Amino acid sequence: MFRMTFSRSRYDAIVVGARCAGAATAMLLARAGAKVLLVDRGARGADTQSTHALMRGAVVQLHRWGLLPAVIAAGTPPVTRTTFHYGTDVMPIDIKPRDGINALYAPRRRVLDGILVDAAVAAGAEIRFGTALESVETNGQGRVRGVRLRDRGEHRVMLAADWVIGADGVGSAVAKQVGADTYVQSAHRTATVYGYFAGIANEGYRWHFRPGLSAGAIPTNDGLHCVFAGVPSDQFRTRFGTDPFDGFLGLLSAADVALATDVYAAGPQDGLHRFGGIRGHLRQSHGPGWALVGDAGYFKDPVTAHGISDALLDAERLAMAVMRGSDRALAEYQAERDQFARPMLSVTDAIAVLDWDLEEVKRLHAVLNHCMKAELAHPPGGALPARQAA
Ligand SMILES: Cc1cc2nc3c(=O)[nH]c(=O)nc-3n(C[C@H](O)[C@H](O)[C@H](O)COP(=O)(O)OP(=O)(O)OC[C@H]3O[C@@H](n4cnc5c(N)ncnc54)[C@H](O)[C@@H]3O)c2cc1C
C-alpha cells in the first residue's frame, strides 16, 4: 500500500548514491560537521560493474583520509609495479614511494565502497540502503529543496535538504530531474569483459595494448586477479555474444598467452562480467541547491582506469564547496574539476578508439601520465572549512 511520510528534520545535504563518489562526499561533509543523509537503492556490501585498479590519486586520497589501513587490513595486496606491454615491447615501472604511499591497491568495490560508507557513518552520516530517489523537489523559485525517496516496502518519504547531491552514477536520476546539460560527449567507447581468477602470480598491474585490443590483470582481494579484455564497442556482440569465455580467451591469447593459459586453467570464480560501453561525458554539475559528483557529472571510458581516482578527488572538491555554502563555490568546484577532466577525457577518448599503432598509444600514455601528474600536483586544498553556524 502507498504510504507517505513528511519529515520535519532538515539535512544540510542528502547524497544519492553510496559508492566511491557519494560515500566519500558524505564522509567529508559529516567530518566537517554537516548533517548528512546518504541513500542508495542497492544493498549494503554489493559489488558493482567495474574493475577497480586505483591509480596514485585515489590511493593518496585514501591515505589522506586515514582509510588506507582498512584497505590493507581487508587483505588487499600491494601493487608495487605496473607493466605496460605494447605488443612484444615490455615496459615495467616500479611504484615510487611518494605522497605518503609506497604501493597502489585495487580493492574489490564491495571492500572500497564499504570502507567509505563505514567512515561516513563513523563521522555521523545517516545511511539508508534499499532506498531509491523518486524525485527531486524544488521550491517556487526553482531551487532544489529536498527529495522524495521510496524504500523496498514501497514506503515513501519527503525529506528537506539545503543541498541534494547526485552521486548516482552514469545514468544519474538527479541529473535527469534537474535537467543537467551535457556539454562534452566523447566519440568512442570500448566494451569490457572481466572476471576473477585464482592462482595468478602478483606481478602488479599488467596492461596489454595491441591495435584493436586492451587487456590486463589486476591483483585484488582473496588471492584473486581481476583479468579483463576490451575491444571497440561495435565488436561486443561478435566477440562475446555467443560464448563470452571463448571470446575472452581468444583476446587474452592475442595479448599474453601465459596469462590466457592461467585464466583457462583457473576458470572464472563467479562467471564473467560484461560491459558494452558508454560514451564519456561532462555534465553541468551544479545549480540552485543541487550538485553532481563522480560518474553522474563526469564519466570516461574505463580504458584509462581512472574513474574511481577522479571520483575521490572530486568528492573532496565538492565537499569543500558545499561547506563554503554559496552557488559561486559550487561553480568553482565544477571549473576546477573540468580543468583536469577535459584533457583526461580527451586523451581517454583517443585511447578508447583502439585504432592506433603502438607508437601512437605510447605517446597517448605519456599524455595521460602528464594529466595524472598535473592532477596530483594540485590536490583538493588543505583542511575543510568549518561548518558555518545556521
Ligand atoms: C567495466 C568498467 C571498468 C572500470 N574499471 C575501472 C578501474 O579499473 N579503475 C577506476 O578507477 N575506475 C574504473 N571504472 C570507472 C568506475 O567504475 C566509476 O568511475 C565509479 O564507479 C564511479 O563511482 P560513482 O560513485 O560515481 O558511481 P557508481 O559506482 O556508479 O555508484 C552509483 C550508485 O548510485 C546508486 N543509485 C543510482 N540511481 C539511484 C537512485 N535513483 N536512487 C538511489 N541510488 C541510486 C547505485 O545503486 C550505485 O550504488 C570502470 C568502469 C567500468 C564500467
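Along every chain, residues carry numbers that run from 1 in the direction the sequence is written. Local features in this predicted model are restricted to residues whose pLDDT is 70 or higher, and side-chain atom pairs enter the listing and the counts only when it is 80 or higher, whereas totals over whole chains, interfaces and linings include all residues.

Draft legend 1. The arrangement of the environment of Leu-62 in detail. Relative to the helices and strands, Leu-62 is located in helix H2 (residues 56-64). Each residue is classed by its C-beta neighbour count within 10 Å, where at least 20 other C-beta atoms makes it buried, 12 or fewer makes it exposed, and intermediate counts make it partly exposed; the C-beta atoms are placed from backbone geometry. Leu-62 gets classed as buried once you count the C-beta atoms within 10 Å, which come to 24. Each C-alpha atom of the pair Leu-62 and Leu-112 lies 9.7 Å from the other, and the pair is 50 residues apart in sequence. With residues up to four places along the chain from it excluded, the contact list for Leu-62 reads Leu-67, Leu-68 and Val-71. Labels follow the DSSP assignment, with helices taken as runs of H or I lasting at least four residues and strands as runs of E lasting at least two, numbered in each case from the N terminus. Contact between two residues is assigned whenever their backbone-derived C-beta positions fall within 7 Å.

Draft legend 2. Main features of the pairing of strand S11 (residues 205-210). Most of S11 sits out of view: five of its six residues are buried. Only strands joined by at least two bridges in the DSSP assignment are considered to pair. Bridge count between strand S3 (residues 81-86) and S11: five bridges; the pairing is parallel. Bridge pairing links Tyr-86 to Phe-209 in S11. Sheet analysis places S11 next to strand S12 (residues 213-219), joined by five bridges and oriented antiparallel. Bridging from a neighbouring strand, Arg-210 pairs with Leu-213 of S12. In textbook terms, the turn of a hairpin is the stretch between consecutive antiparallel strands, and for S11 and S12 this stretch comprises two residues, one of which, Gly-212, has a positive phi near 85°.

Draft legend 3. Focus on the sheet that holds strand S18 (residues 298-299). On the basis of which strands lie adjacent, the open sheet formed by three strands has the order S9-S15-S18 and antiparallel pairing. The open sheet is flanked by strand S9 (182-185) and S18, the only strands paired with a single partner. Simply put, an axis is a line fit to the C-alpha atoms, just over the touching stretch for a helix, and the angle between two N-to-C directions goes from 0 to 180 degrees. Across the sheet, helix H10 (residues 327-352) is in contact with S9, strand S15 (281-283) and S18; its angle to S15 comes to roughly 160°.

Draft legend 4. Layout of H10. Residue count minus one, scaled by 1.5 Å, sets the expected span of a helix. Here H10 spans 35 Å end to end across 26 residues, near enough to the 38 Å set by a 1.5 Å rise per residue. A residue's bend is the angle separating two fitted axes: one through the seven residues that end there, the other through the seven that start there. The largest bend along H10 reaches roughly 35° and is located at Asp-338. Looking at the residues trailing H10, positive phi occurs at Leu-354, about 60°.

Draft legend 5. Broad picture of the site of the ligand. In this entry, near means the residue's backbone-placed C-beta atom lies within 6 Å of the molecule or strand. Lining the immediate environment of the ligand, one finds 35 residues, of which Gly-17, Ser-50, Gly-169, Gly-294 and Gly-307 sit closest. Among the secondary structure elements, those contributing two or more residues to the shell around the ligand are helix H1 (20-31), strand S6 (131-138) and helix H9 (307-324). Here the shell around the ligand gets four residues from one element, more than from any other, and that element is H9. The residue inventory of the shell around the ligand, partitioned by class, reads 16 nonpolar, 14 polar and five charged. The classification used treats Ala, Val, Leu, Ile, Met, Phe, Trp, Tyr, Cys and Pro as nonpolar, Asp, Glu, Lys and Arg as charged, and all other residues, Gly among them, as polar.

Draft legend 6. Up close: the environment of Phe-209. Along the chain, Phe-209 turns up in strand S11. Along the chain, Phe-209 and Arg-237 lie 28 residues apart, while their C-alpha atoms are 21 Å from each other. Those residues in contact with Phe-209 that sit more than four places away from it in its chain are His-85, Tyr-86, Ser-214, Leu-358 and Val-361.

Draft legend 7. Inspection of the sheet that holds strand S10 (residues 190-198) at higher detail. Taken together, seven strands build an open sheet; the order of strands is S4-S3-S11-S12-S13-S10-S14 and the sheet is mixed. This sheet does not close on itself; its edge strands, each paired only once, are strand S4 (89-94) and strand S14 (273-275). Shown here is a sheet whose adjacent strand axes are inclined to one another by a mean of 15°, direction ignored. Both S12 and strand S13 (residues 224-232) contribute to a ladder of six bridges, which runs antiparallel. Bridged to Gly-216 within S13 is Phe-228. Contacting S3, S4 and S11, helix H11 (residues 358-377) runs over the sheet at an angle of about 150° to S3.

Draft legend 8. Molecular detail of H1. The end-to-end C-alpha distance of H1, which contains 12 residues, comes to 16 Å, matching closely the 16 Å that a straight helix rising 1.5 Å per residue would cover. Summarising burial for H1: 11 of the 12 residues are buried, a large majority. When H1 is considered as a whole, its buried residues turn out to be Cys-20, Ala-21, Gly-22, Ala-23, Ala-24, Thr-25, Ala-26, Met-27, Leu-28, Leu-29 and Ala-30. Among the residues trailing H1, Gly-33 stands out with phi positive, at a value near 105°.

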